[in-house]
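# Tertiary structure, described
Residue strings, one per chain:
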Amino acid sequence: MNRIHVLDQQTANSIAAGEVVERPASVVKELIENALDAGASVVSVEIRQGGVSLIRIADNGSGMSRDDALLAFARHATSKITSIEDLDSIATMGFRGEALASIGAVAKVRLETRQLSDADGTWLQVNGGTMSDSGTFGGPAGTTITVENLFYNVPARFKFLRKDTTEAGVVADVVERLALARPDVSFRLVSNQQEILHTPGNNDLTSTVYAVYGKQVATACLSIEGSQSPLKLSGLAGRPELARNSRAQQCFYVNGRLVRAKAMTAALDEAYQTLLMKGKYAFAVLFLELPPQLVDVNVHPQKMEVRFWNDQEVFRMIYHTIKSALLNAAGVSGESADQAEQPAPVPTAEERHEPVAMPSADYGLPSGEPAALPQQPALRIGEPVQLYQPSEQDLPKPPQILKINDLSRARLIGQLFNTYILMELDQELLLIDQHAAHEKIIFENLVARRQGSLSRPDEVPLQPLLVPLVIEFSRQEMQLLQHEASQIQQLGFEYDLFGPASVALRSYPDTGRHQLQAEAAFRLAVETMLAEPLNSEDKIADFYYSMACKAAVKAHDVLKPAEIEQLLSDLQLLENPYQCPHGRPVIVRMPRHELEKRFKRIV
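So, here is what we can say about the structure in this document. Model, not experiment: these values are computed from the prediction. (Residues numbered from 1 in each chain as written. Predicted model: local features only at pLDDT ≥ 70, side-chain atom pairs only at ≥ 80, totals over all residues. Heavy atoms only, no water.)

Attention now moves to helix 14 (residues 475–483). Buried within helix 14 we find Glu477, Met478, Leu480 and Leu481. Looking down the long axis of helix 14, one finds its buried residues gathered within 160° of arc, a one-sided arrangement. Among the exposed residues of helix 14, those pointing more than 90 degrees away from its buried face are Arg475, Gln476 and His483. Elements in contact with the buried residues of helix 14: helix 15 (485–490), strand 22 (494–497), strand 23 (502–509) and helix 16 (518–531). (Buried < 20%, exposed > 50% of the residue type's maximum accessible area, 1.4 Å probe, protein only. Helix = DSSP H or I, 4+ residues; strand = E, 2+ residues; numbered from the N terminus. Arc of directions from axis to C-beta. Contact = heavy atoms within 4.5 Å.)

In structure tokens:
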């Protein structure tokens, strides 16, 4: 008896469906992308019990003829490409011809579609990969697909679904990200008859961000625009104070397609490197456009992974564009600290997730489901759609930004707790963290010295010692000082071996008026290199962070008025003095009206 045999079509389709359909959100993503490819300007999504019992997606796109509808559920049947050469210039969201076949293999699916030029539309029913019935109907132009009882015939996949509320959160996240990809399309999401999302479709990205994430996020975004042939970058990036604890609010699109791209993520992180604290991530909605032949989207059936022809080119272009926008808009916003710590009004899918649990067997309403929102009828694309439009007073207004040069007009009040410098300016109280400010000044001087040493090795600014400083080291440290002398010298330290267990330090990095403590800085360099080689610019920058932190004035240090004036003067010379190297704010603003509210002088 033969041990190897060919699987039947239904089994093969169910296995293949696992690559495309992992959970209800996968179904929603594939069907919305089909709607967008069909030219829809309105897309409505309805789910029940997280999309397990029902997913209904309706659009006003081009629709399908009867012949196309009957072919739509065949595997590898598509209108997007015709030959292998077309893979080099893909301009649509879908192209593999697997989505409907995969969905139909693991659910009960009803398709209703009509072209504008046809008198009647076509409907058909597919159960577990088999077409059970079809016919004609009179309905609106466009396509409506209803998916029921997902994974009803694949128990192994069904039992690994999470709780209904968790799956609903993932669906909401997918719809939000696709809505951000197409501000010109109005999206509506209803979960268990409650409206979750409604975007205006007015082709304005800021309005869509407002609808998805709320007013606080929309008002704290910077416009990103840049191009360097063959690349073009656009979108929005958040000010540093908008940073979150995860990447949940980072969205990347390549030629309109939602993707995961390491080069884009790394460039964003690098642009914000000295502006955010560790563990904080920038808000961003970024669109990269380039010729289709320079990016491969056919990496995985889910079409989320992409490969660029040159990751370094992509990285550099995105990094410089975002960095330039951040520097041009650098300043201190008027947002209070309490507001800055508040999360976005609309929780992300990651924040909505709950621990893993089995799906409810009877699909009854989960006990934790909110019931405060008004109930909505089931979505039908033929009904008139009332587009969401934010009112004039709700539209985001750019925040008032304090520039560092404004400090020249401020009145110095003095020190608070021997930690903060207080100043008064234009009906506001300014608080400057003396340690963060001094740390930033020293760090920027070290970085400038480093850049000068790389471009002009013969003109490196060093601070010579009148008398060489003899410093003792351990045997292991001495071996490092002998073998890594050239790299240590690039960091700004010049020394000679002085016996078997000591060296004579002759000079150390010159940081202008804010000089380092020679021995402490030198020992820090040796200890750092012993722990980890400084073999990249990022690691050298981390070393400079530590050096600047140790050398800067500390909290509780008493500063004389002349020292405060000098510190403020040096701070104004920096290109971006608003965050310390660790990403903490250097300056905080407190408006007069906020103080008066605290004293109940106004309500």
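Once that is clear, we can look at the nonpolar core. It is characteristic of soluble globular proteins that their nonpolar side chains tend to be buried jointly. Counting residues in hydrophobic clusters, the biggest one holds 66 residues, and the most contacted among them are Ile32, Val43, Val147, Leu180 and Val209. Per element, the largest residue contribution to this core is 10 residues, and it comes from helix 6 (residues 164–181). Val147 has contacts with Val27, Leu31, Ser53, Leu54, Ile55, Ile103, Ala107, Lys108 and Val109, leaving out every residue within four places of it along the chain. If you look at the next biggest cluster of nonpolar residues, it comprises 35 residues, including Met264, Leu268, Tyr272 and Val295. (Core = buried A, V, L, I, M, F, W, Y, C linked by side-chain atoms within 4.5 Å.)

Glancing now at helix 16. For an α-helix, the turn length of 3.6 residues means that residues three or four places apart are oriented alike. The end-to-end C-alpha distance of helix 16, which contains 14 residues, comes to 20 Å, matching closely the 20 Å that a straight helix rising 1.5 Å per residue would cover. Among all positions of helix 16, only Ala518, Ala521, Phe522, Leu524, Ala525, Val526 and Met529 are buried. (Expected span 1.5 Å × (residues − 1).)

Contact geometry of helix 14 with helix 16 gives a least axis separation of 10 Å together with a crossing angle of 90°. The orientation of helix 14 relative to helix 16 falls into the category roughly perpendicular. On helix 16, the residues touching Gln476, Glu477, Leu480 and Leu481 of helix 14 are Phe522, Val526, Glu527, Met529 and Leu530. Tallied by class, residues from the contact of helix 14 with helix 16 come to six nonpolar, one polar and two charged. (Axes fitted to C-alpha atoms, helices over the stretch in contact; angles between N-to-C directions. Parallel < 35°, antiparallel > 145°, perpendicular 65-115°, else oblique. Nonpolar A, V, L, I, M, F, W, Y, C, P; charged D, E, K, R; others polar.)

Our focus in this paragraph is the sheet that holds strand 3 (residues 108–114). If you trace the eight strands from one edge of the open sheet to the other, you get 5-4-3-6-2-1-7-8, paired in mixed fashion. Each of the sheet's edge strands pairs with one partner strand only, and the pair in question is strand 5 (130–137) and strand 8 (194–198). Between one strand axis and the next, the sheet turns through 10° on average, direction left out of account. Alignment of strand 3 against strand 6 (residues 142–148), held across seven bridges, turns out to be antiparallel. By the bridge assignment, Glu112 is partnered in strand 6 with Thr144. Where helix 2 (residues 24–37) meets the sheet, it contacts strand 1 (42–48), strand 2 (54–59), strand 6 and strand 7 (186–191), and its direction lies at approximately 10° from that of strand 2. Of the strands in this sheet, strand 1, strand 7 and strand 8 are in contact with helix 6, which crosses strand 7 at around 175°. (Pairing = 2+ DSSP bridges.)

Scanning the model with the defined rule gives eight aromatic pairs in all. Ring geometry for Tyr253 versus Phe287: centroids 4.8 Å apart, planes at 15°, classification stacked. Taken together, the positions of Tyr253 in strand 11 (residues 250–254) and Phe287 in strand 13 (residues 284–289) put the pair 34 residues apart, joining distant regions of the chain. For Phe287, a relative accessible area of 12% puts it in the buried group. Summarising the aromatic geometry, the rings of Tyr495 and Phe522 are spaced 5.4 Å apart at their centres and angled 45° between planes, so their arrangement reads as tilted. Here Phe522 lies in helix 16 and Tyr495 lies in strand 22, a separation of 27 residues in the sequence. Across the pair, exposure class does not vary: Tyr495 and Phe522 are buried alike. Among the aromatic residues, those joined into a cluster by ring pairs are Phe473, Phe493, Tyr495 and Phe522. Seen from the ring of Phe473, Arg523 lies directly overhead, with NZ or CZ sitting 4.9 Å from the centre. (Phe/Tyr/Trp six-rings, centres within 6.5 Å; stacked < 30°, edge-to-face > 60°. Lys NZ or Arg CZ within 6 Å of the ring centre and 35° of its normal.)

With that settled, consider the pairing of strand 3. Counting buried positions along strand 3 yields five of seven residues, so the element is predominantly enclosed. By the bridge criterion, six bridges tie strand 3 to strand 4 (residues 121–127) in an arrangement that is antiparallel. Looking at strand 4, one finds that Arg110 is bridged to Gln125. With antiparallel pairing between neighbouring strands as the criterion, strand 3 and strand 4 make up a hairpin whose turn holds six residues.

Turning our eyes to something else, we now look at the pairing of strand 8. As defined by bridge partners, strand 7 adjoins strand 8 across four bridges and the pair is classed as antiparallel. By the bridge assignment for strand 8, Ser191 is matched with Gln194. Hairpin geometry of strand 7 and strand 8 is characterised by an intervening segment of two residues between the two adjacent antiparallel strands and by a positive phi of about 50° at Asn192.

The next thing to look at is unusual backbone geometry. The residue after Ser229, namely Pro230, is reached through a cis peptide bond having omega 10°. With respect to the helices and strands, Pro230 occurs in the loop between strand 9 (221–228) and strand 10 (231–238). Although it is not a glycine, Gln49 sits at a positive phi angle of roughly 50°. When you line up the elements, Gln49 lands in the loop between strand 1 and strand 2.

So far we have only geometry, and geometry alone does not tell us how the molecule works.
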